[in-house]
Amino acid sequence: MELLYYPQYCEAAVLSSVILLIIYYLRQNYNTVKNKLFLSMIVINLVASIVNICSVYTITYTDRFSLRFNYFINELYLILYNVLAIIFLLYIVSFFKIKFYQNCVYYFAVCIFIFEAIIIFTTHITHFVFYFDSRSNYFQGPGMWLLYVCAFSCVIIANVIVIKVRKTFNKYQVLSLTGFTIGLLVSIIVQLFIPKYLITNFTLSMVLFFLYSSLENPVYYLFNTTQCFNQQAFVQTIRSNSEKGKFYKVVAIKPMDYAYFEYTMGQRNSEMLSNKIAERLNMSFKRDAYALTKSEFAVIIPDDTNTNEFLTRVDECFSEKFVIQIDDKVIEQEVEVQVAIIPVINLEIDGLELEEVIHNLTFENGKRLLVLEDMEAVIEKIHRSNRITQVLERAIKEDGFQIYYQPIYDAEADTFHGAEALLRLIDNDLGFIGPDEFIPVAEKNGQIIEIGDMVLRKVCEFIKESGCLELGIEYIDVNLSPIQCRYEKLAEKYLSIIRSYGIDTKCVNLEITETAETEFLTVRILKNIMESMVQHGVGFSIDDYGSGFATIDYLLEFPAEIVKIDKSILWQAMEREDAMIVLEYTIKLLKAIGKKIVVEGVENEEMKKILLDFGCDYLQGYLYSKPIPEADFIAFLEKENVRA
Ligand code: C2E
Ligand code: CA
Ligand code: CA
């Protein structure tokens, strides 16, 4: 007798499921709830396919099998098939962060399962879902549609979640996740019209292959070509740690001067170094080590680990040099690291947030060890800085910045010969945000490049249109962030912007502050940039001199005519005698090497008198004026300079 259904597709499904299982086992290395759910989908699909093949035979050869057995086989198939939809939903929800919704979905899934199990496994008595007539022909029962509704509600909820968390996936992953629904729909339609073709299991096994390659491939959890786990794996581990309710510590390891390696070796070679570091950590700490980015590594350790012993192990790990091959040369590179211990006792924390915390660690000047006690404060700061990033994004798009000008007083001429352009940002929601807060954020996320260009354009336009030159202004100071100077073509860009307004390049003076982070850049790139701009008439000031990082090196190396002494130096001098001596001799030293000197933060007559006695050239501060809007600044010049 000919078979009533074609089992070939089910056989293909068995074969492909077995292959997938073998691949999964051979390459398996990462183990979470999520992965277990995926594994169970393969297994259930495999068993369902086998049961489906059996049912083809039991339905065709009813005389050889008892009716009871036939019922059992079909009940078993239906439950497996429907459980697959439930597990798919659970699998999807395991990507979802919010515990409350996760729990809701768990309860929903359990209820659906119980309901399905009851109506399916009583079918041989009730004939509710399917039944056999007296000649043992298979028919769908009046309750079959309920199973469709259950399966589809699982799949629909799963899709809603995929849409909600789509940002955590790339396009290929979203496609493979929606593939499950599409596959299910297509096979149901095909089977509705051509019931002989049992293609559902085969389609599902193909979809599982697709999911495997996009979401479950172990390579997906490994850093570059190494065996060390990557950032994805880190996020998963943090999630499952939270689920287990265990406290733990994250040890963040950052090579010092990674930017320097990148600069001297180039991107590709420094990445090779990162891979070597990842491999070394993997050797030492096995599955607990993670490479989050090329310059950030982490080890997750139990809460009760002895920290000192652990730190010794980290030291040992980096005691030997790293050997990398660059072209024909073999380079031995020593790597020093900064280590931060982050105790995690707030289990609500998400892997991505922890990653941000690691990203935002600030080690005190030169320190190599940090124990992060108050993680909440850091997270708070990250949230605020994310908000500011959005506000900046909007301000850049909608031209929401304003430039204020603070006059600079020329003591010898007794007029205001210059002004500093200072950015102002007022947001509808957050209100006034000071540049001291938003500039560092913009520097971190790169928005400073656009903002810097915008400031220069606005200043040039102001110089051209406002008539300030006729009112005695010789130049406007524009702040230049060291981050902007990483872009080697900055000089050309800035010169062409200035020229495009048809103003003299001498009208713009750039203020540059040095920070520790960019120290290695200073000598080479910065000097090049400054030299080529000075050649074309643009002047430079060294800003914030005396506060932190500016060293004698800068004074000698950089072609800056003006040095701005930081206001903190002046203010300290007003409090302490020794600081006054420092101020006096700093001015003397700078004058002796031929620099012009600005002191900022001049707030009263007493300060002014002292500074003039010391021979300071220019003064800037609230004594004369706060930074003020364009129109006020012009009015100020009309009053002060015209009078003079
Ligand atoms: P800065 O370059 O050191 O600018 C001088 C700061 O000192 C300004 O703060 C100014 O308002 C303040 N100031 C001047 N005189 C006095 C005084 O007598 N008393 C007091 N208490 N303060 C005085 P502001 O405008 O808040 O700017 C803060 C910082 O933000 C600036 O420090 C600068 O580093 C940065 N910044 C502002 N605008 C820009 C910009 O367009 N680009 C870049 N890259 N940074 C900017
Ligand atoms: Ca400045
Ligand atoms: Ca300054």
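Residues numbered from 1 in each chain as written. Chains lettered and ligands numbered in written order. Predicted model: local features only at pLDDT ≥ 70, side-chain atom pairs only at ≥ 80, totals over all residues. Heavy atoms only, no water.

Draft legend 1. Quick peek at the site of ligand 1. Near ligand 1, the surroundings consist of 22 residues, among which Q406, R424, K567, E603 and Y622 are the closest. Backbone polar atom of L423 to a nitrogen atom of ligand 1: 3.1 Å apart, as the coordinates give it. Taking Y622, its main chain carries an N or O atom lying 2.8 Å from an oxygen atom of ligand 1. Bound to the protein, ligand 1 loses 87% of the 790 Å² it would expose on its own. Looking at the shell around ligand 1, the elements that each hand over two or more residues are β12 (415-427), α15 (435-445), β16 (539-545) and α20 (567-575). No other element matches the four residues that β12 contributes to the shell around ligand 1. Residues of the shell around ligand 1, tallied by class, amount to nine nonpolar, five polar and eight charged. (Near = heavy atom within 4 Å. Polar contact = N/O pair within 3.5 Å; in protein donor to acceptor, adjacent residues only side chain to side chain. Areas by Shrake-Rupley, 256 points an atom, 1.4 Å probe, with all protein chains shown as cover. Helix = DSSP H or I, 4+ residues; strand = E, 2+ residues; numbered from the N terminus. Nonpolar A, V, L, I, M, F, W, Y, C, P; charged D, E, K, R; others polar.)

Draft legend 2. Just the pairing of strand β11 (residues 401-410), in detail. The element β11 is largely enclosed, with a buried count of nine among its 10 residues. Pairing of β11 with β12, which is carried by 10 bridges, proceeds in the antiparallel orientation. Counterpart to Q406 in the pairing with β12 is E420. Turn length for the β11-β12 hairpin, with the two strands adjacent in sequence and antiparallel, is four residues, and the turn residue D414 shows positive phi of about 55 degrees. Summarising the sheet, β11 and strand β19 (residues 618-620) pair through two bridges and their orientation is antiparallel. (Buried < 20%, exposed > 50% of the residue type's maximum accessible area, 1.4 Å probe, protein only. Pairing = 2+ DSSP bridges.)

Draft legend 3. Inspection of the environment of R135 at higher detail. When you line up the elements, R135 lands in the loop between β1 (130-132) and β2 (138-140). For the pair R135 and I73, spaced 62 residues apart in sequence, the C-alpha separation works out to 18 Å.

Draft legend 4. Seen up close, the coordination of the calcium ion (ligand 3). Donor atoms from the polypeptide that bind the calcium ion (ligand 3) are D543 (OD), D544 (OD), E600 (OE) and E600 (OE), placed at 2.2 to 2.6 Å. Every donor residue of the calcium ion (ligand 3) comes from the same chain, spaced as D-D-x55-E. Among the residues examined, E600 registers a relative accessible area of 7% and is labelled buried. (Donors = N, O, S within 2.8 Å, 3.2 Å for Na, K, Ca; no water.)

Draft legend 5. Seen up close, the sheet that holds strand β5 (residues 289-293). The sheet built from six strands is open, its strands ordered β3-β5-β6-β4-β9-β10 with mixed pairing. Because the sheet does not close on itself, it has two edges, and the strands there are β3 (229-230) and β10 (369-371). The pairing of strand β4 (residues 248-255) with strand β9 (residues 337-344) spans eight bridges and is antiparallel. For P255, the partnering residue across the bridge sits in β9 and is V337. Helix-sheet contacts for helix α9 (residues 231-244) involve β3, β4, β5 and β6 (296-302), and the interaxial angle to β5 is about 125 degrees. (Contact = heavy atoms within 4.5 Å. Axes fitted to C-alpha atoms, helices over the stretch in contact; angles between N-to-C directions.)

Draft legend 6. Summary view of the coordination of the calcium ion (ligand 2). Taken together, E420 (OE), N479 (OD1), E511 (OE) and D543 (OD) make up the full set of protein donors to the calcium ion (ligand 2), lying 2.0 to 2.3 Å away. One chain supplies every donor to the calcium ion (ligand 2), and in sequence these donors are spaced E-x58-N-x31-E-x31-D. Taken as an interatomic distance, the gap from the calcium ion (ligand 2) to the calcium ion (ligand 3) is 3.9 Å; D543 donates to each of them. Taken together, the residues N479 in strand β14 (residues 475-480) and E511 in strand β15 (residues 508-512) connect sequence positions 32 residues apart. When its relative accessible area of 0% is taken as the criterion, E511 is described as buried.

Draft legend 7. Geometry of the domain arrangement of the protein chain. Per the domain assignment, the segments making up the protein chain are domain 1 (8-218), domain 2 (222-373) and domain 3 (406-429 + 447-643). A straight line from the C-alpha centre of domain 1 to that of domain 2 covers 40 Å. Facing 12 residues of domain 1, the contacting portion of domain 2 comprises 11 residues. Taken together, the two surfaces of domain 1 and domain 2 that pack against each other cover about 970 Å², and 47% of this comes from carbon and sulfur. Across the contact surface, domain 1 and domain 2 share zero salt bridges. Listing elements by their share of the side of domain 1 that touches domain 2, those giving two or more residues are α2 (33-60) and α4 (99-121). (Domains from an automatic or database assignment. Buried area = accessible area lost by both parts, 1.4 Å probe. Salt bridge = Lys/Arg side-chain N within 4 Å of Asp/Glu carboxyl O.)

Draft legend 8. Broad picture of the side chain of R424. With respect to the helices and strands, the residue R424 is situated in strand β12. The side chain of R424 is buried and forms no salt bridge, while D436, the nearest opposite charge, is found at 8.3 Å. Not counting the four nearest positions on each side in its chain, R424 is found in contact with G400, F401, Q402, Y404, F432, P435 and P627. (Lys, Arg positive; Asp, Glu negative; His and termini not counted.)

Draft legend 9. Seen up close, the pattern of salt bridges. The full count for this structure, using the stated rule, is 20 salt bridges. The partner of R368 in a salt bridge is E336, and the shortest N-O contact between them spans 3.2 Å. Here the residue R368 occupies a position in the loop between α13 (351-359) and β10, and E336 occupies one in the loop between β8 (329-333) and β9, the gap between them amounting to 32 residues. The exposure class of E336 is partly exposed, given its relative accessible area of 43%.

Draft legend 10. Expanded view of a nonpolar patch on the surface. On the surface, W145, Y148, V149, I189, L192, F193 and I194 cluster together into a nonpolar patch covering about 750 Å² of accessible area. For V149, a relative accessible area of 44% puts it in the partly exposed group. (Patch = residues over 30% accessible without salt bridge, like charges linked within 9 Å, V, L, I, M, F, W, Y side chains within 5 Å.)

Draft legend 11. Representation of the pairing of β4 within the structure. Of all the eight residues making up β4, eight are buried; the element is thus mostly covered by neighbouring parts of the structure. Residues Y248, V250, A252 and K254 of β4 are buried on one face, and the alternating residues K249, V251, I253 and P255, pointing to the opposite face, are buried as well. As defined by bridge partners, β4 adjoins β6 across six bridges and the pair is classed as antiparallel. The partner of K249 across the bridge, within β6, is I301.

Draft legend 12. Broad picture of the packing of aromatic side chains. In this structure the tally under the stated criterion is 35 aromatic pairs. Seen in terms of ring centroids, F234 and Y290 are 5.6 Å apart; in terms of plane orientation they differ by 70 degrees. Their pairing is edge-to-face. Here the residue F234 occupies a position in helix α9, and Y290 occupies one in strand β5, the gap between them amounting to 56 residues. Members of the aromatic cluster, each reached through a chain of ring pairs, are Y24, Y25, F38, Y91, F95, F169 and Y212. It is K588 that lies over the ring of Y585; its NZ or CZ is 4.7 Å from the centre. A cation over a ring is seen here: K626 above Y622, with NZ or CZ 4.9 Å from the ring centre. (Phe/Tyr/Trp six-rings, centres within 6.5 Å; stacked < 30°, edge-to-face > 60°. Lys NZ or Arg CZ within 6 Å of the ring centre and 35° of its normal.)

Draft legend 13. Broad picture of the environment of K254. Structurally, the position occupied by K254 is in strand β4. According to the relative accessible area criterion, K254 is buried, its value standing at 12%. It is 5.2 Å that separates the C-alpha atoms of K254 and Q338, two residues lying 84 residues apart in sequence. At 2.8 Å, the side chain of K254 and the backbone oxygen of I358 are in polar contact.

Draft legend 14. Structural view of the packing of helix α3 (residues 67-93) against helix α6 (residues 144-164). It is the contact of α3 with α6, at a shortest axis distance of 8 Å, that shows an interaxial angle of 15 degrees. Regarding the angle of α3 to α6, the classification is roughly parallel. When you trace α3 past α6, the crossing you get is left-handed. Across the interface between the two elements, L78, N82, A85, I86, F88, L89, I92 and V93 of α3 pack against M144, L147, A151, C154, V155, I157, A158, I161 and V162 of α6. Considering only residue class, the contact of α3 with α6 consists of 16 nonpolar, one polar and no charged. (Parallel < 35°, antiparallel > 145°, perpendicular 65-115°, else oblique. Left-handed = near helix turned anticlockwise from the far one by under 90°.)

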